[in-house]
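Coordinate inspection notes
Residues per chain, in single letters:
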Amino acid sequence: MVVRRIAFATSNADKLREVRAIFRRYGVSVLWDRRRLPEPQADSLREVVRAKLAAVPSRALPGVPVLVEDSGIFLSGLRGFPGVYSRFVYDSIGLGGVLRLLEGQERTASFRTAAGIRIGRTEWITEGRVEGTIASAPRGTAGFGYDPIFVPRGGRRTFGELSSEEKERFSHRGRAIRSVARYLSHL
Ligand code: ITT
């Protein structure tokens, strides 16, 4: 089966831009199913993805595989917080608030994405992650969300200081979405 297009259900235009750029290289076009899916209180990104998949109606675009993803930043100094609550924390206290919480704490972190695809009755979920540290102050204007404070391991620059191609190479989303693209190309 050759998949030429998929529908990505997300409210986030920045995610859409990153996901489109990846799938373009696999010859797959990404339709934006713009919607905010309910996110239940859950312990893991994978559980949130399962709930998101269950909430997307398949009748919207019959026959087109549906993609959803959920991402979060896990701070070791805060025992994994905010994790699945990353959106709430970003919207409520912002990067400044996160940096204040981390004062005097260990600064290692990981960024993770769980991505799920539904094709007919089949669901498949995968994950991608990148290890790094949290900068002492936000740097860079590229990207979105937590990008200005996340420094991927092995480098000095934050995701906010990298080009979109550079970010994608190491990023949680780059890794997760490339594995979805490979999965689809082997169907
Ligand atoms: P959905 O509609 O797809 O759920 P969302 O923006 O609610 O979009 P998430 O819950 O997955 O997405 O994101 C959690 C938070 O993490 C949110 O504040 C995002 O801005 C941020 N985030 C997600 N991916 C990121 C990335 O690659 N770089 C920086 N911040 C990111």
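Only a predicted model underlies this, so the values are computations on that prediction, with no experimental measurement involved. Along each chain, residues carry numbers from 1 onward, in the same order as the chain's sequence is written. Only residues with pLDDT of at least 70 get local features here, since the model is predicted, and only at 80 or more are side-chain atom pairs given and counted; chain-wide, interface and lining totals rely on the full set of residues. Excluding hydrogens and water, the side-chain values take into account all heavy atoms of the structure.

Mapped onto the fold, arginine 79 is located in the loop between strand 3 (66-75) and helix 3 (86-92). Assessed through its relative accessible area of 82%, arginine 79 is described here as exposed. Residues arginine 79 and glutamate 106, spaced 27 residues apart in sequence, show a C-alpha to C-alpha distance of 9.9 Å. In this text, helices come from DSSP runs of H or I with a minimum length of four residues, and strands from runs of E with a minimum of two, each type numbered from the N-terminal end. Per-residue accessibility, obtained with a 1.4 Å probe over protein chains only, is compared with the maximum for each type, and a residue is labelled buried under 20%, exposed over 50%, and partly exposed between these values.

This part takes up the site of the ligand. By nearness alone, 20 residues border the ligand, and Thr10, Ser11, Lys15, Asp147 and Lys167 come closest of all. Lysine 15 is positioned with one of its side-chain polar atoms (N or O) 2.7 Å from an oxygen atom of the ligand. Counted as a polar contact is a pair of N or O atoms within 3.5 Å, where, for protein atoms, one must be capable of donating a hydrogen and the other of accepting one, and residues adjacent in sequence contribute only when both atoms are in side chains. The backbone of tyrosine 146 places a nitrogen or oxygen atom 3.0 Å from a nitrogen atom of the ligand. Starting from 610 Å² of accessible surface for the ligand in isolation, the protein chains cover 96%. Each residue is tested against the molecule or strand, and it is near if at least one of its non-hydrogen atoms lies within 4 Å. Here, Shrake-Rupley sampling with a 1.4 Å probe gives the accessible areas, and only protein chains in the shown set may cover a residue.

Looking at soluble globular proteins, one finds that nonpolar side chains tend to be buried together. Residues Ile6, Phe23, Leu67 and Leu184 are the most contacted members of the largest nonpolar core, which totals 18 residues. Counting residues per element, the ones that place at least two in this core are strand 1 (5-10), helix 1 (13-24), strand 4 (108-119) and helix 6 (172-185). Ranked by residue count, the leading element in this core is helix 6, at 5 residues. For isoleucine 6, the residues in contact, after removing those within four places along its chain, are Phe23, Val28, Ser29, Val30, Leu31, Val64, Pro65, Leu67, Ile117 and Leu184. As used in this record, nonpolar core signifies buried Ala, Val, Leu, Ile, Met, Phe, Trp, Tyr and Cys residues forming a set joined through side-chain atoms within 4.5 Å. Formed by 16 residues, the second largest nonpolar core is a distinct cluster that contains Leu99, Val130, Tyr146 and Phe159. Contact criterion: two residues are considered in contact whenever any of their non-hydrogen atoms come within 4.5 Å of each other.

This part is about unusual backbone geometry. Backbone torsion omega between phenylalanine 81 and proline 82 reads 0 degrees, so that peptide bond is classified as cis. For proline 82, the position within the fold is in the loop between strand 3 and helix 3. Phi at arginine 79 takes a positive value of approximately 50 degrees, unusual for a residue other than glycine.

Attention now moves to the layout of surface pockets. One number sums up the size of the largest pocket: a volume of about 520 Å³. As for the largest pocket, its lining consists of 28 residues, of which Asn12, Lys15, Ser71, Arg87 and Phe144 are closest to the centre. Those elements that provide at least two residues to the lining of the largest pocket are strand 1, strand 3, helix 3 and helix 6. Polar here means any residue outside two lists: the nonpolar Ala, Val, Leu, Ile, Met, Phe, Trp, Tyr, Cys and Pro, and the charged Asp, Glu, Lys and Arg; Gly therefore counts as polar. Within the lining of the largest pocket, the residues separate by chemical class into 8 nonpolar, 8 polar and 12 charged. Its boundaries defined by the atoms lining it, the second largest pocket holds a volume of some 200 Å³. Definitions used throughout: a 1 Å grid over protein atoms alone; a cavity as a set of points that fits a 1.4 Å probe which cannot get out; a pocket as an open set with protein on both sides within 12 Å along at least five of seven lines; a lining residue as one with an atom within 4 Å of a point. Grid points are joined across faces, edges and corners, and a volume is the space filled by probe spheres set on the points.

Backbone hydrogen bonds hold the strands of a sheet together, and the pairing may be parallel or antiparallel. Strand pairing is defined by DSSP finding a minimum of two bridges between the two strands. Spatial strand order, 2-1-3-4-5-6: 6 strands in an open sheet with mixed pairing. What marks the edges here is a single partner per strand, and that holds for strand 2 (29-34) and strand 6 (150-152). Direction aside, neighbouring strands of the sheet carry axes that sit 40 degrees apart on average. Here strand 1 runs beside strand 2; their pairing, made up of 6 bridges, is parallel. The partner of arginine 5 across the bridge, within strand 2, is serine 29. Running at roughly 160 degrees to strand 2, helix 1 makes contact with strand 1, strand 2 and strand 3 of the sheet. The axes used here are C-alpha line fits, helices contributing only the stretch in contact, and every angle between their N-to-C directions lies in the interval 0 to 180 degrees.

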